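Each chain, letter by letter, is given below.
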Amino acid sequence: MDALRGLIGGGVEWDVRLERTELVPGRSAGGEVRLTARQALACRGVVAALVATEQWRHRQTRTDAQGHVSTQVVTETHELQRLPVQLLGPTDFAAGEQRTLPLAMPVPGLGPATFEGTVSRLTWQLEVKMDLPGVDPSTSYDVVVLQPTALLRAGVVPVGEFALYPKADLAGAGFAATLALDPVPLCCGAPFRGTLTATTGRPIELQAVRAALYVDADGPLGARFGPHRPKA
């Protein structure tokens, strides 16, 4: 389980842990929140939320009182989604008391996916907030929402032709085979399963069957680093 940074603020010590910080659309993100009250607290509730924020840069032209025109690049930010989950109802904490709250955050099936760009960005954060009289101590952590598989299937995000085929035929010296993957297309960060069915016309001596994921990068990165071929 990934340990996110801890924080002390508003009389509360936070320790938030997630099973992973790369979240798969349509699946629940599990983890836990550990709270330690550094003083006696009358808590009205604890809420966790996944928050999507979009940010974009654009040019803005202004004219001053003297008629001078100036153009500058401005950055605007807009909260796109907030998906709250209540972790704890009204509770009184004694000084030094600790609570561990299970965390199960639903990740929307269509994202949107995290996007890091220079002109526009879309980021996700996990925010945990405690409701107290007069102050609401909170802590937040950056997470990544992966590309929704449903959009790949619908063709919204272009992928290679064979990325959408559930099966592919293979051929070798003296045998024919079929490789099937599930789900198709693959989604970064999500597990998948596969089966290999082989047929031979005669007995052959089999030394091993190996599987490996190959990643080839085109463009400047591919030219610089070349294909990345991890061991099976």
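In this text, all values refer to a predicted model and were calculated from it rather than measured experimentally.

## Some points on the overall build of the chain
So, step 1. When you go through the chain residue by residue, the secondary structure sums to 2 helices and 15 strands.
So, step 2. When burial is assessed residue by residue, the chain has 26% of its 232 residues classed as buried.
So, step 3. Sequence separation of 24 or more characterises 59% of the internal contacts of the chain that already satisfy a separation of 6 or more.
So, step 4. When the accessible surface of the chain is totalled, it reaches about 15,000 Å², and 53% of it is carbon and sulfur.

## A word on the environment of V47
So, step 1. By secondary structure assignment, the location of V47 is in strand β7 (residues 45-63).
So, step 2. Owing to a relative accessible area of 34%, V47 belongs among the partly exposed residues under this scheme.
So, step 3. In this structure V47 touches P84, V85, Q86, L87, E127, V128 and K129, once residues within four positions along its chain are discounted.

## What about the confidence of the model for the chain?
So, step 1. Considering every residue of the chain, the mean pLDDT works out to 80; 77% of them sit at 70 or more.
So, step 2. Per-residue pLDDT stays below 50 along residues 219-232; that stretch engages in 13 contacts with residues further than four places along the chain or on separate chains.

## Description of the sheet that holds strand β8 (residues 69-88)
So, step 1. The strand order across the open sheet built from 5 strands is β4-β12-β11-β7-β8, with neighbouring strands paired in mixed fashion. Since the sheet does not close on itself, it has two edges, and those belong to β4 (22-23) and β8, each with one partner.
So, step 2. Taken together, the 6 bridges between strand β11 (residues 120-131) and strand β12 (residues 138-145) define a ladder with antiparallel strand orientation. Paired with V128 across the two strands is T139, which belongs to β12.

## Considering the pairing of strand β3 (residues 12-18)
So, step 1. Every second residue of β3 is oriented toward a common face, the buried set being V12, W14, V16 and L18 and the non-buried set E13, D15 and R17.
So, step 2. Where β3 lies against strand β5 (residues 28-37), 7 bridges are found, and the strand directions are antiparallel. Each residue of the ladder has a partner; that of V12, found in β5, is A37.

## Some details on the nonpolar core
So, step 1. Counting residues in each nonpolar core, the largest one holds 31 residues, and the members touching the most others are V33, L35, V46, L126 and M130.
So, step 2. Every element with two or more residues in this core is listed here: β3, β5, β6 (41-43), β7, β8, β10 (98-106), β11 and β12.
So, step 3. Among the elements that line this core, the one with the most residues is β11, at 5 residues.
So, step 4. Apart from the residues within four sequence positions on either side, M130 is in contact with V12, W14, L35, L41, C43, G45, V46, F93, V135, D136 and P137.

## A look at the pairing of strand β15 (residues 193-200)
So, step 1. Counting buried positions over the 8 residues of β15 gives 0, only a small fraction of the element.
So, step 2. In terms of strand pairing, strand β14 (residues 175-182) meets β15 through 8 bridges, oriented antiparallel. Of the residues in β15, the one forming a bridge with A177 is A198.

## As for the side chain of E32
So, step 1. Tracing the backbone shows E32 in strand β5.
So, step 2. By relative accessible area, E32 is classed as buried at 18%.

## Remarks on the pattern of salt bridges
So, step 1. In this structure the tally under the stated criterion is 9 salt bridges.
So, step 2. Through salt bridges with shared partners, one network takes in D15, R17, E32 and R34.

## Some points on a nonpolar patch on the surface
So, step 1. Side chains of L170, L179, L196, L206 and V209 sit close together on the surface and give an oily, nonpolar patch of about 470 Å² of accessible area.
So, step 2. Examined against the element boundaries, V209 turns out to sit in the loop between β15 and α2 (219-225).

## Some remarks on the side chain of T91
So, step 1. Positionally, T91 belongs in strand β9 (residues 91-93).
So, step 2. Residue T91 is classed as buried on the basis of its relative accessible area of 11%.
So, step 3. Within polar-contact distance, the side chain of T91 engages the backbone oxygen of G89 at 3.0 Å.
So, step 4. Ignoring anything within four residues of it in the chain, the contact list for T91 reads L41, A42, C43 and R99.

## Thoughts on unusual backbone geometry
One can expect most non-glycine residues to show negative phi and most peptide bonds to be in trans.
So, step 1. A cis amide bond links G111 to the next residue, P112, at an omega of 10 degrees.
So, step 2. Looking at where P112 falls in the secondary structure, it is placed in the loop between β10 and β11.

Reading the values: the criteria
Residues numbered from 1 in each chain as written. Predicted model: local features only at pLDDT ≥ 70, side-chain atom pairs only at ≥ 80, totals over all residues. Heavy atoms only, no water. Helix = DSSP H or I, 4+ residues; strand = E, 2+ residues; numbered from the N terminus. Buried < 20%, exposed > 50% of the residue type's maximum accessible area, 1.4 Å probe, protein only. Contact = heavy atoms within 4.5 Å. Areas by Shrake-Rupley, 256 points an atom, 1.4 Å probe, with all protein chains shown as cover. pLDDT = per-residue confidence, 0-100. Pairing = 2+ DSSP bridges. Core = buried A, V, L, I, M, F, W, Y, C linked by side-chain atoms within 4.5 Å. Salt bridge = Lys/Arg side-chain N within 4 Å of Asp/Glu carboxyl O. Patch = residues over 30% accessible without salt bridge, like charges linked within 9 Å, V, L, I, M, F, W, Y side chains within 5 Å. Polar contact = N/O pair within 3.5 Å; in protein donor to acceptor, adjacent residues only side chain to side chain.

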